[in-house]
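Residue-level structural notes
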Number of protein chains: 2
Amino acid sequence: MEHVPGSFGTSASFALRFGQTIFSAASLIFMCFDFDFYDFTTFCYLAMVMAIVTPWSILLALTDTYSVLVKLLPQELRVLSIVFAGDFVLSFLSLGGACAVASATELLASADGKICDGSLCIQYQVSAALAFLCWFLLLASALFNFWSLPSLYY
Amino acid sequence: MEHVPGSFGTSASFALRFGQTIFSAASLIFMCFDFDFYDFTTFCYLAMVMAIVTPWSILLALTDTYSVLVKLLPQELRVLSIVFAGDFVLSFLSLGGACAVASATELLASADGKICDGSLCIQYQVSAALAFLCWFLLLASALFNFWSLPSLYY
């Protein structure tokens, strides 16, 4: 059966991985600009998740490049299941982190100006927004791979 | 093709719907015990999501009951897609709400005792935990239905 566009080893998948790498790395950078983020568990959590998503997406982007440019990799059930499971778990972790940081930042901004003054708050919110976009691309990858699974299963 | 256990119209699906109804209603009740929750956007957001999940789960639980006890409903592509899409979107909204409330409550508790004293904080955290469980069951329903989609599609 022909590869589902967007699933493992296709050029569409490479585009998704490229986007994920950019967004997760940018989210991490925005978060780490300021060293105060260590004070809050929520911010540490998002930084940790993005630090896992970035290498994961780079690794799969390289695999997709190899599959597109050198030799089309066959879609095995085991490989596809691992890639799907990884994408799925990371997508939920990213969504959870993005929502937690957005909520905490909104609370800090409304509480009082001392903890989170203007630019700092915006920085955290941009980091949450980038993590949200990263979630969306991870979810797309997960769904494309999940759509291919039943045909390999039966 | 025989219904995938857990997908629309099966007894396993009814069990999932029953659990979703209990958790979302309980999360809503714990959240609304205290009228202060209106002060924070995050808490209003979770209450709103749970207020949508509860009737959604009740409606589908009734449909599953009819399908199991009276007449087995056929799984059509359109119906299954709508149920899957609803479950999927609501599962993400629930996860986002649960993480946002958990993060905000943790922040309020660590900020100072005035806003969120002992029992109030616990109440919000219990509400977030119940929403988290509700997310898990919604996700399970979504995945079981998604697994049935390709066979109806091709």
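Each chain has its residues counted from 1, following the order in which its sequence is written. Written order determines the labels here, with chains lettered from A and ligands numbered from 1. Only residues with pLDDT of 70 or above have their local features reported here, since the model is predicted, and side-chain atom pairs are shown and tallied only from 80 upward, although totals for entire chains, interfaces and linings are computed over all residues. In computing side-chain values, all of the structure's heavy atoms are included and hydrogens and water are not.

1. Observations regarding the overall build of chain A
Strands here are runs of E lasting at least two residues and helices are runs of H or I lasting at least four, both read from the DSSP assignment and numbered beginning at the N terminus. Helices and strands together make up the secondary structure of chain A, namely four helices and zero strands. Scored against the burial criterion, the 154 residues of chain A give a buried share of 51%. Across chain A, every contact between residues at least 6 apart in sequence was considered, and the portion connecting residues at least 24 apart equals 82%. In this description, accessible areas are obtained by the Shrake-Rupley approach with a 1.4 Å probe, and a residue is regarded as covered only by the protein chains that are shown. Accessible area of chain A: about 7,100 Å², with a carbon and sulfur share of 76%. In this tally Asp and Glu are treated as negative and Lys and Arg as positive; neither His nor the chain ends contributes. The location of each charge is read from NZ of Lys, CZ of Arg, CG of Asp or CD of Glu. Across chain A, the centroid of the 4 positively charged side chains sits 14 Å from that of the 10 negatively charged ones. The classification of residues rests on relative accessible area computed with a 1.4 Å probe and restricted to protein chains. Under 20% of the type maximum is buried, over 50% is exposed, and intermediate values are partly exposed. The contact criterion used is simple: two residues touch if any of their non-hydrogen atoms lie within 4.5 Å.

2. Topic: a nonpolar patch on the surface
On the surface, Tyr66(A), Val68(A), Leu69(A) and Val70(A) cluster together into a nonpolar patch covering about 410 Å² of accessible area. Summarising the element assignment, Val68(A) is placed in helix 2 (residues 41-69). To count toward a patch, a residue needs a relative accessible area above 30% and no salt bridge. Like charges then connect within 9 Å, nonpolar side chains (Val, Leu, Ile, Met, Phe, Trp, Tyr) within 5 Å. Put simply, a salt bridge is a Lys or Arg side-chain nitrogen that is within 4 Å of an Asp or Glu carboxyl oxygen.

3. What about the packing of helix 3 (residues 77-111) of chain A against helix 3 (residues 77-111) of chain B?
Every axis corresponds to a line fitted to the C-alpha atoms, with the helix fit spanning only the stretch in contact, and the corresponding angles, defined between N-to-C directions, vary from 0 to 180 degrees. Following both chains from N to C, one finds helix 3 of chain A and helix 3 of chain B inclined at 45°, their axes separated by 8 Å at the closest point. Relative to helix 3 of chain B, the element helix 3 of chain A is oriented oblique. As for the relative orientation of helix 3 of chain A and helix 3 of chain B, their crossing is right-handed in sense. Between helix 3 of chain A and helix 3 of chain B, the contacting residues are Phe88(A), Phe92(A), Leu95(A), Gly96(A), Cys99(A), Ala100(A), Ser103(A), Ala104(A), Leu107(A) and Leu108(A) on the first element and Phe88(B), Phe92(B), Leu95(B), Gly96(B), Cys99(B), Ala100(B), Ser103(B), Ala104(B), Leu107(B) and Leu108(B) on the second. Throughout, the ten residues Ala, Val, Leu, Ile, Met, Phe, Trp, Tyr, Cys and Pro are labelled nonpolar, Asp, Glu, Lys and Arg are labelled charged, and all others, Gly among them, are labelled polar. Class assignment of the residues belonging to the contact of helix 3 of chain A with helix 3 of chain B gives a composition of 16 nonpolar, four polar and no charged. Convention used here: angles under 35 degrees read as roughly parallel, angles over 145 as roughly antiparallel, angles from 65 to 115 as roughly perpendicular, and any remaining angle as oblique. The crossing is said to be left-handed when, going from far helix to near helix, the turn is anticlockwise and less than a right angle, and right-handed when the turn is clockwise.

4. As for the packing of helix 2 (residues 41-69) of chain B against helix 3 of chain B
Residue and element names in this part refer to chain B. Between helix 2 and helix 3, the shortest axis-to-axis distance is 9 Å and the interhelical angle comes to 150°. It follows that helix 2 is roughly antiparallel to helix 3 by the angle criterion. Between helix 2 and helix 3 lies a crossing of left-handed hand. Within the contact of helix 2 with helix 3, the residues separate by chemical class into 18 nonpolar, six polar and one charged.

5. Some words on the state of the cysteines
Put simply, a disulfide is two cysteine sulfurs that come within 2.5 Å. Evaluated as defined, the whole model comprises zero disulfides over all chains. Cysteine Cys32(A) shares no disulfide, and the gap to the nearest cysteine sulfur, in Cys44(A), comes to 9.3 Å. Here Cys32(A) falls in the partly exposed class, since its relative accessible area comes to 31%. Take Cys99(A): it sits in no disulfide, and the sulfur closest to it among the cysteines is that of Cys99(B), at 6.5 Å. Overall, the relative accessible area of 16% leaves Cys99(A) in the buried class.

6. Description of the relation of the copies chain A and chain B
The two copies are related by a screw operation: chain A maps onto chain B through 180° of rotation and 0.0 Å of translation along the axis, at an RMSD of 0.0 Å. What the rotation and shift describe, once combined, is the action of a two-fold rotation axis. The C-alpha atom lying nearest the rotation axis in chain A is that of Ala100(A); the distance is 2.1 Å. Interface overlap between copies: 100% of the residues of chain A at the interface are likewise at the interface in chain B, consistent with a symmetric, same-surface contact. In this comparison the copies share one frame, found by least squares on the C-alpha atoms of residues holding pLDDT of at least 70 in both.

7. Points about the pattern of salt bridges
All names here are of chain A. All chains considered together, the criterion is met by two salt bridges over all chains. Ionic pairing is found between Arg17 and Asp87, a salt bridge with its closest N-O pair at 2.8 Å. Pair noted here: Arg17 is in helix 1 (residues 11-32) and Asp87 is in helix 3, with a separation of 70 residues, a long-range link. The same class applies to Arg17 as to Asp87, namely buried.

8. With respect to the interface of chain A and chain B
Contacts between chain A and chain B engage 24 residues on the former and 24 residues on the latter. Put simply, buried area is how much 1.4 Å-probe accessible surface two parts lose in total, over both of them, once they are put together. Interface area for chain A against chain B, summed over the two sides, is near 2,300 Å², with a carbon-plus-sulfur share of 79%. Considering only the side of chain A, the residues that lose the most area to chain B are Phe92(A), Leu107(A) and Trp147(A), jointly responsible for 30% of the buried surface there. For the purposes of these results, a polar contact is taken to be a pair of N or O atoms within 3.5 Å, where, inside protein, one atom must be able to donate a hydrogen and its partner to accept one; residues adjacent in sequence count only when each atom of the pair is a side-chain atom. Our count for the chain A to chain B interface comes out at six residue pairs in polar contact (both at pLDDT 80 or more). Looking at the side of chain A that touches chain B, the element that brings in the most residues is helix 3 of chain A, giving eleven residues.

9. Observations regarding the UniProt feature "transmembrane region" in chain A
All names here are of chain A. Feature annotation in UniProt assigns "transmembrane region" to the following positions: residues 18-38, 42-62, 82-102 and 129-149. Annotated as residues 82-102, this span is 100% helix and 0% strand, and its ends, taken at the C-alpha atoms, are 30 Å apart. Taken end to end, residues 129-149 comprises 100% helix and 0% strand; its first and last C-alpha atoms sit 31 Å apart. UniProt positions are given in the numbering used here, feature names are shortened, and annotations may be inferred rather than shown by experiment.

10. Describing the side chain of Ser57(A)
Within the fold, Ser57(A) resides in helix 2. Those residues in contact with Ser57(A), other than ones at most four positions away along the chain, are Arg17(A), Gln20(A) and Thr21(A).

11. Some thoughts on the confidence of the model for chain A
All names here are of chain A. pLDDT expresses, on a scale from 0 to 100, how confident the predictor is about each individual residue. Averaged over chain A, the pLDDT score is 85; the fraction of residues at 70 or greater is 90%. Per-element confidence in chain A is highest for helix 1, whose mean pLDDT is 91, and lowest for helix 4 (residues 118-153), whose mean pLDDT is 86. As a predicted assembly, this complex carries a pTM of 0.81 together with an ipTM value of 0.74.

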